[in-house]
Structures are given as C-alpha cells and as structure tokens.
Amino acid sequence: MPWHRMCGDQVLWVPGSDHAGIATQAVVEKQLWKERGVRRHELSREEFLREVWKWKEEKGGEISEQLQALGASLDWDRECFTMDTGSSVAVTEAFVRLYEAGLLYRGQQLVNWSCALRSAISDIEVESRPLPGRTELRLPGCSSPVSFGLLVSVAFPVDGEPGEDAEVVVGTTRPETLPGDVAVAVHPDDSRYTHLHGRQLRHPLTGQLLPLITDSAVQPHVGTGAVKVTPAHSPADAELAARHSLSPLSVIAEDGTMTSLCGDWLQGLHRFVAREKIMSALRERGLFRGIQNHPMVLPICSRSGDVVEYLLKSQWFVRCQEMGDRAAQAVESGALELSPSFHQKNWQHWFSHIGDWCVSRQLWWGHQIPAYLVMEGHTKGDKGDCWVVGRTEAEARKIAAELTGKPGAELTLQRDPDVLDTWFSSALFPFAALGWPQETPDLARFYPLSLLETGSDLLLFWVGRMVMLGTQLTGQLPFSKVLLHSMVRDRQGRKMSKSLGNVLDPRDIIHGVDLQVLQAKLRDGNLDSTELAIATAAQRKDFPHGIPECGTDALRFALCSHGALGGDLNLSVSEVLSSRHFCNKIWNALRFILNALGEKFVPQPAEEVSPLSPMDAWILSRLAHTAQECERGFLARELSLITHALHHFWLHNLCDVYLEAVKPVLLHSPHLPDPLQVLFSCADVGLRLLAPLMPFLAEELWQRLPPRPSGSSAPSICVAPYPTAHSLEHWRQPELEQHFSRVQEAVQALRALRATYQLTKARPRVLLQSSEPGEQGLFEAFLEPLGTLGRCGVMGLLPPGVAAPSGWAQAPLSDTTQVYMELQGLVDPQTHLSLLAARRQKLQKQLDGLMAWTPSEGEAETKRQQRLSSLQLDLSKLDKAVSHLRQLMDACPGPGEL
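Residues numbered from 1 in each chain as written. Predicted model: local features only at pLDDT ≥ 70, side-chain atom pairs only at ≥ 80, totals over all residues. Heavy atoms only, no water.

Colleague: Which residues make up the sheet that holds strand β9 (residues 167-172), and what are the values?
Modeller: Spatially, three strands are ordered β9-β8-β14 in an open sheet, and the strand pairing comes out antiparallel. In this open sheet, the two strands that pair with only one neighbour each are β9 and β14 (288-293). On average, adjacent strands in this sheet sit at an angle of 20° to one another, irrespective of strand direction. Strand direction decides the pairing type here: strand β8 (residues 150-157) and β9, joined by six bridges, are antiparallel. Note on β9: the bridge partner recorded for Ala 155 is Val 169. (Pairing = 2+ DSSP bridges. Helix = DSSP H or I, 4+ residues; strand = E, 2+ residues; numbered from the N terminus. Axes fitted to C-alpha atoms, helices over the stretch in contact; angles between N-to-C directions.)

Colleague: So, the confidence of the model for the chain: which residues are in play, and what are the values?
Modeller: Mean pLDDT for the chain: 90, with 95% of residues reaching 70 or above. Segment residues 894-898 is flagged for pLDDT under 50; beyond a separation of four residues in sequence, or across chains, it makes two contacts in the model. (pLDDT = per-residue confidence, 0-100. Contact = heavy atoms within 4.5 Å.)

Colleague: Now, about the pattern of salt bridges: what can you tell me, with residues and values included?
Modeller: All told, the structure shown has 45 salt bridges when counted by the stated rule. One salt bridge connects Glu 136 with Arg 134, and the closest N-O pair in it is separated by 3.8 Å. The shortest N-O distance in the salt bridge between Glu 254 and Lys 313 comes to 2.2 Å. Of this pair, Glu 254 sits in the loop between α6 (235-243) and α7 (271-284) while Lys 313 is found in strand β16 (residues 309-318), placing the two residues 59 residues apart along the sequence. (Salt bridge = Lys/Arg side-chain N within 4 Å of Asp/Glu carboxyl O.)

Colleague: Tell me about the pairing of β16, residues and numbers included.
Modeller: The buried fraction of β16 is high, at eight of ten residues. The pairing of strand β3 (residues 104-114) with β16 spans ten bridges and is classified as antiparallel. By the bridge assignment for β16, Gly 107 is matched with Gln 315. Bridge count for β16 against strand β18 (residues 357-358) is two bridges, and the pairing is antiparallel. Note on β18: the bridge partner recorded for Val 318 is Trp 357. (Buried < 20%, exposed > 50% of the residue type's maximum accessible area, 1.4 Å probe, protein only.)

Colleague: Which residues make up the packing of helix α17 (residues 552-560) against helix α22 (residues 695-702), and what values do they have?
Modeller: The angle between the axes and the distance between the axes are what describe a pair of packed helices. Axis separation between α17 and α22 bottoms out at 7 Å; the angle between their running directions is 125°. What the angle tells us is that α17 and α22 run oblique. Across from Thr 552, Asp 553 and Arg 556 in α17, the residues of α22 making contact are Pro 695, Phe 696 and Leu 697. (Parallel < 35°, antiparallel > 145°, perpendicular 65-115°, else oblique.)

Colleague: Before we move on, could you go through helix α16 (residues 529-542) and cite the residues and values that matter?
Modeller: Under the 1.5 Å per step criterion, the end-to-end length of α16 is 20 Å for 14 residues, consistent within 8% with the ideal 20 Å. Residues of α16 that are buried: Ala 535, Thr 536, Ala 538 and Gln 539. One side of α16 holds all its buried residues, which, seen down the axis, span an arc of 160°. Seen from the buried face of α16, the exposed residues on the opposite side, beyond 90 degrees, are Ser 529, Thr 530 and Lys 541. (Expected span 1.5 Å × (residues − 1). Arc of directions from axis to C-beta.)

Colleague: If you had to explain the side chain of Glu 737 to someone new, which residues and values would you point to?
Modeller: Mapped onto the fold, Glu 737 is located in helix α23 (residues 734-756). Take Glu 737: its relative accessible area is 12%, and that puts it in the buried class. Filtering out sequence-adjacent residues up to four positions away, Glu 737 remains in contact with Trp 618, Ser 621, Arg 622, His 625 and Arg 732.

Colleague: So what about the pairing of strand β10 (residues 183-186)? Which residues, and what values?
Modeller: Burial of β10 is two-sided: the residues Ala 183 and Ala 185 facing one way and the residues Val 184 and Val 186 facing the other way are all buried. Where β10 meets strand β13 (residues 226-229), four bridges bridge the pair, whose relative direction is antiparallel. The residue bridging Ala 183 from the neighbouring strand is Val 229, located in β13. Bridge analysis of β10 against strand β12 (residues 209-214) gives three bridges, and the strand direction is parallel. Looking across to β12, one finds that Ala 185 is bridged to Ile 213.

Take a look at the structure:
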C-alpha cells in the first residue's frame, strides 16, 4: 500500500479484527477457572459476556498494537470490531435477507462437533491428521492416551444360521459407535455375500436384528468388503442410510459421553472409555475377530485438539450451491483474480464440493442468532417447531402473529441461544466497515484487496465466504483481486503456538526482550502445567539470552525478503538481526554522504544530473536498474525481488564500491559538483525506493537531506513520488555496467593477491596487460577506481607482447588478460615461504580428510565436492605464490645474504 500511495493512487487500509468466537470464549473460560475456579455455566450469560468484554479491553488491542509497532499505514479512525454496533447491524441484516431469499434455513443434519467445546465447528476448523498406524494421542478430558490407527474386526452373526461360518465380519476404527449401527452393507456384486442378500444379522452387542443391505458405494476390496452403517455419526453412512430409508441412532452426546440408547452399562461413560468396555464385551461374547494397524485420517478440532465427532443436530444452515457456483465462475472467467495463482486450483476444488454451511455455534460470545421460537400452539420437537426471523423481536413478533393468526402481544417468543459462526461476520467485514447496509461500497475500486489471516487455507476460506455473501447481498462481485499472504512460521517451519513456546511477538523482536520476560508471558497465559513445561523449555533453548533489539525496519525487511507469493514463511531472529546490520550500513552511508555534501549544497533535479566520470555513470545506471527491479517486484507482488535489489544496490554497489572509489576524489577535490550531485541522487532516490519497506529509517534520513530547490519536496517521504524506471531511463547504461563487471573481477584478483602475500598495509604497483585492444581501453577508463578498490598504488597498463617484470606476482583474469603485482621490497621471501608452507600443510590436511570420506549422495555429496574444488584451487594459488617467491629470492638476495 505505501508503494501505491507514493505512485499517486488513492489507498485505504481499514484496521479491524473479528471477535474469534470459539478461541476467545475458550481463553476466557480457562482464565475464569484458573483465577476463580468458576465454570462458564455457573455464571449467567450476561455475567460471562461482561468477563469477555473485560478481557477484550485488556488483551484485545494486541493486534492493533502490533500493527502500529510494525509501521502499518492504516486509517485508525476507521478501526472496526465485528462485535461493534455497526457490524452487528450488518450481521443481522445479512441473516434476515438470506432467510427471506430462501438461502438460510433451519434443519437437522450431521455437523462437525467438538465435544471439548460443546459446539459445532466449521470445516476449516477440522484438521485432517494422517496416522500411519497405531498412534496414541492425549485428548481433552482423557486422563490417559487414546489409541487410534487400529482396525477392529467384529462378527455379526447371521440370524437363524448356527456356527462360526454363519457370520459377517466387519472392520471398524470406531468400536464406540457400534451401539449406533442400524445395518451392515456390502457391494451387490460381491460374490462372497450373494447368498446372504436379504438376510438379517444379529447386532453383536444388543442381539437386535439388522438388515444386510447392498449398495454400490461399498468398496469390496477394502477390508472384508462389509461395512457397518452408523448414520448418526458418519457423513458417508448418513448418505447410504438415506438411500435405504434407515433411521439414525444418536449414541454419542454433545459432551462426548454415551447416550441412553446405548443401555445402562454404557450410558454416561466417556466415549473412549466406552470403547474399551465394548471391546471387552465383544471378547466375552466370542465376537471379537482381531485388531491390526490401519493407516487412517483422523479429524481433529484445531481449536481444542479433541477428536471431531459427527453429530445429528438441528441448526441454521446457509444454502451454498448457487452462491458457490457464482464464486467459482468468477475466478474461472477472470472476473476475480487470486494471487498467488496456485490458489485457483484449491478455490475451484472447494466450491465444486461445497455443502450447506452450518452457521450455528453453541457459544455465548458472538452475534446471537436473530431467530425466535414461537412457543404457543406447537409441540416440542423440530417438526412441530415454528421459527421466525426478524431484525428485532418486535419485527419477529409481527411475523409470528401473521403465521399463527394470534395477536403478537399474546405470543411468547424464545430467542435462539446460539450465536453465528465468526466467519459469517468476518465475511461481511469489508462491507460493514465501509457502511453496508446503509450504503453499498464499491470495493472493486480498491486494488488489490489485501487480507491477513493465520495461513493461506484460512484466507481462501475467508475470501470464499466474502465472495458468496457479498455477491448475494450487494448484487455485484465485491472485488476483482485478492492478495493471499503467507503464514509466518518459526525458523523450523512449525506453526507458532503458545504451547510450543515458539510464538514470536513482533514487538519483542522490535524492542528486544529478556528471557525472564518471555517466560513470564507464558506463565501468565492459560497453558496447563504440562504445556507450560514444554513451552518454557523450548524458549530457553531457542532464546537463551532473550531476543535482541532489532527495530521495526529490520523486521519488515526480513519479512518482505521472503516474498508474499511463496509458501509459508520461516522466520528466524538471526535473519532479522542481519537486516538490522543492513540498516546500520545504510545509516553510516548517509552519514558519509551528508558530511560530503556539506551545508551549502544545492541539489539539482534528478533529470538534470548528468555524470561526467565513468564511475558516476556506473552508479547512476545501477540506481536506475534498481528502480526498474523494484517496480517489477511491486507490480508482480514479489517483495523478495525488491529486497534483493535494494540490498544489492545499497550494500554492494553504493557502499562497497562507489563510496570507496569516490573517497579519494572527494579528499583531493572536495567541491567538485559532479560527484556531489551523484551522491545526493543516490541518497534521495535510494531512500525513496526503500521507503515502502523501511519507512522509519527512510523518513529519518530523507528529512536530513539538503532541501530541494524552490520548495518542491514533499512533506514526508511516504507521499514523495516513487522513482519509476521510466523517469530514470536516461541514466541506464547496461553496456557500461557489463564493462565494469570486468573491473570488479580485476579488483577481486588484486585483493586475492594481497591476501596471498599478506600485504596488509603496503600499496604495491600494479600492471594490467590485455591482448584485446578494446579491453585495454576498458581498464584504462577505470584505472583510478581500480587502484582504490584493489588497495594498490600506481596502476598502469603493460602493452601487449611486452614481457612482464621479473619477480612480480601474476594472476590471470581471462585468457587474454593478466594482472601483475610488484612484490620486490614489500615481501621477505624467506619469511613468507615458511608462512605459506604452514598454510599449505593446513589446507592439505583438510583436503586429505575430505578425500577420506566415503562418497555419499544428494546435497551432502554436492557440498563435499564443492569444498574439495575450493581447497584444490586454494592449494594451486599457494603453489603459484611459492613459485613467485622463489623467483624473487633468485633475483634478489635476502637481507642475510648481503
């Protein structure tokens, strides 16, 4: 967004957050139990909600504080919360309109149910956890681990047929649901069971008769080919049972205990305790046929960690098929662009398999459903229930009066105690934040819509709900582009979790924090003793000395260096520290530039700055190239391209090369206007390029630059024009940059020679020789900066064909170019030979060690080969240096021989 604003676009980022119904209520319930020993149901609904609002006032502002600390450019006057009055009005209006359009209804269906939360949860809150086989899990409410990934074989005797052969063996991973079985199904073409078609089986626990039915959905090659049918606790079984008019039996209650339909011996038991009791009963009755490892996918509630149950509940549902088709078509036609584009596949898959959306949640924190049960004249039970929907109770009462034919004042209405799924209000957030339903905002003009969530799957789910509801309620596609961000994980790639102790609060990275403070935060949270022990140990391991102060700009730059369009982002504090060092480098560079410019410097407009020296032309060309790369990165929304380009320019082009090369020029001729104008242009343009990513550092340093003529400068860098590739095109000289890369190769060769002969202070004479006339001229243009950057003395050119001076060190730059460095009088050959011998022995030992390794495969072997090549090259250079020194000894006797 800062880039768009600097480009002159109208931008808006509305801050806000949803009320996180399940998560917030769970946190407050834990806190009440921990601090006061009070359960939610011991309080009235109003008392509990007061506690939640109290917690929200204390803790709910953390997200906004983090965004402010990160320098997010939001319109804070528009800050919204999904439980605010305006948002609540929008939620009620949306519910009523969907109901009136026939897209929202109340019905009894299987829902994802968290027994730990005692609430329905959405599909996106169900984590599908693959298990390779037997796996023990610790679950809420269970004192000991529970085993999963096991297939239990159970015999269903054939009625009227004695003997062990007269049975059908069924495999199940959920023995606790056996009391809810209403049939056994086989494939109609499975010859093993053809003779049993139409027969009845005895239930292994109750002895009741169950039909053996045939259905083509059964997979005959899986297990025994026979499956038990439990329609009240399996979506697939529910569909199968509906085809055969079988009634469901609900045997697991909302709290995860067994219901009265299971009989006195199981009623009230936790379902996983009941599992073991059922297994024992099967063994006692001789109907247990074995147990074996079985790979499976287990549905886990991401909010509570409990195993998800499928329960038959009367809830409110949104019909999604028609709205989902429109959303899928919007992406397919290009009317809606998802970025990164790989999300389009998931989008189409999701909407092609979408079912009706259960929006009821059995919570107290959230938007209470605006539906009322009419109590008079109706028997208890869903079939006799009369529900009315209204924006207010008065409106609902009027509707109820029309339905029943009774005066509204005589009717008793009972409001649904459930609240709406948080995603319902979140899906309305962009519209509600900008005035809907009082006015319909034109969201399509905001480009692109940028949303933040804890992972791309959740973001896609959120956007999908927005598109469905927005298109239905406003009659238009709510936006044309969406930018889906990556999830920030820890350095090991794990999802950040308080129970793992790996949560990184951006404020702690920005300001720094001691380990003691980090540990205190964990203790003040709601972790149980086991989780707390794991989390504190992990923190001590990862941050033994706490987190050092890194600053906002360093954190922003580190985050952006991963890019917005890749996979999940693994963040390490060491990476942010590296960015802090980069910030320091920029600060020191500007301090040098400001000192060189002085107080009387008057900058020229960028379009009037014309370089006179090859070095000035090179750095301005690199600056224009950097602007081009930044523009390309922003347009493609690949932030890593931008960070790489800026890092390379500031560190490797400006600081390491140009500033070092220009220092002697400024020292001898401090008032030459040409390099000063170039220095100013580098600082001004470079900081404006940097501003969207490092706003604080860029602002601070840009304000210190000399004022522009005629008061043409912007009041802040954040509204200054962003440099474009077109505006700086007159500086681009790609051919010059290519030529200078040869000069940089020569600089590296000279520095390597200095290192080999340990010339720490001496400034030796250097000669360059090339058989190519064009290359000779290339080096001639850069002789002065070449000597400066190579830390050498007088630089000269040796004509082609002329013999090299005797005793000078030599290094090839290419097949046609050689560099020679004078050693006579600068190196004591005899002393240096002994030093080189010691270095050679050390390198040879390393080489022998690597050669002795057993060759491996993959990345390790690649690294070994690279290290071998590097050591062999270093040894070759040392051998050449030894040869030069011996030649020098032959030509000039040492001090002891004079």
